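# Observations on the model geometry
These are the residues of each chain, in order.
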Amino acid sequence: PHTVTGTSSGFGRSMTEHTLNQGDIVVAILRKPQVLSDLAARYPADKLLVLKVDVTKQEDIDEAFACTLFLTSLWMKNTRKCW
């Protein structure tokens, strides 16, 4: 999965849309998840995970990192790819 921060607008939003259009998995990190409701409606949960993260809160950062790490391990196991 690709982790993209600041996905509510600008470069982060563009990278999220581009990555999803390429068929890849995105973990989208932003403060207001409702901003991505249009993308969440178009892409299944196994392609787009939207995480509410306040980067001023270490707990939010730790949870997002743990979630992304877990998803990456599942993806690698299911696709049997090695990096």
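Nothing here was measured: the structure is a model prediction, and the numbers come from that model.

Rules and cut-offs
- Counting restarts for each chain: residues are numbered from 1 in the order of the written sequence.
- Only residues with pLDDT of at least 70 get local features here, since the model is predicted, and only at 80 or more are side-chain atom pairs given and counted; chain-wide, interface and lining totals rely on the full set of residues.
- Hydrogen atoms and water are omitted, and side-chain values are computed over all heavy atoms in the structure.
- Any Lys or Arg side-chain nitrogen located within 4 Å of an Asp or Glu carboxyl oxygen qualifies as a salt bridge.
- Secondary structure is summarised from DSSP: a helix means a run of H or I of at least four residues, a strand means a run of E of at least two, and numbering begins at the N terminus for each.
- The rule is simple: take the accessible area with a 1.4 Å probe, protein chains only, and divide by the maximum for that residue type; under 20% is buried, over 50% is exposed, in between is partly exposed.
- In this scheme, strands are said to pair when DSSP sees at least two bridges between them.
- Take the residue count of a helix, subtract one, and multiply by 1.5 Å to get its expected span.
- Directions pointing from the helix axis toward each C-beta atom define the arc.

Taken as a whole and assessed by the stated rule, the structure comprises two salt bridges. A salt bridge links Arg 13 to Glu 17; the nearest nitrogen and oxygen atoms lie 2.6 Å apart. Within this pair, Arg 13 and its partner Glu 17 are both found in helix H1 (residues 10–21), separated by four residues, close to a single helical turn. For Arg 13, a relative accessible area of 15% puts it in the buried group.

Among the five residues in strand S2 (residues 26–30), five count as buried, and that is most of the element. One ladder, built from four bridges, connects strand S1 (residues 2–5) with S2; its direction is parallel. Within S2, the position partnered with Thr 5 by the bridge is Ile 29. As judged from the five bridges shared by S2 and strand S3 (residues 48–52), these two strands associate in the parallel manner. In the sheet register, Val 26 faces S3, and the bridge partner there is Leu 48.

What follows is about the side chain of Thr 68. Relative to the helices and strands, Thr 68 resides in helix H3 (residues 58–79). Note on Thr 68: relative accessible area 12%, which makes it buried.

Here H1 spans 17 Å end to end across 12 residues, near enough to the 16 Å set by a 1.5 Å rise per residue. Taken residue by residue, H1 has Gly 12, Arg 13, Thr 16, Thr 19 and Leu 20 as its buried positions. Summarising the axial view, the buried residues of H1 lie within an arc of 135°, below the 170-degree limit, and thus occupy one face. Those residues of H1 that are exposed and angled more than 90 degrees off the buried face are Phe 11 and Asn 21.

The analysis is restricted to geometry; functional conclusions fall outside its scope.
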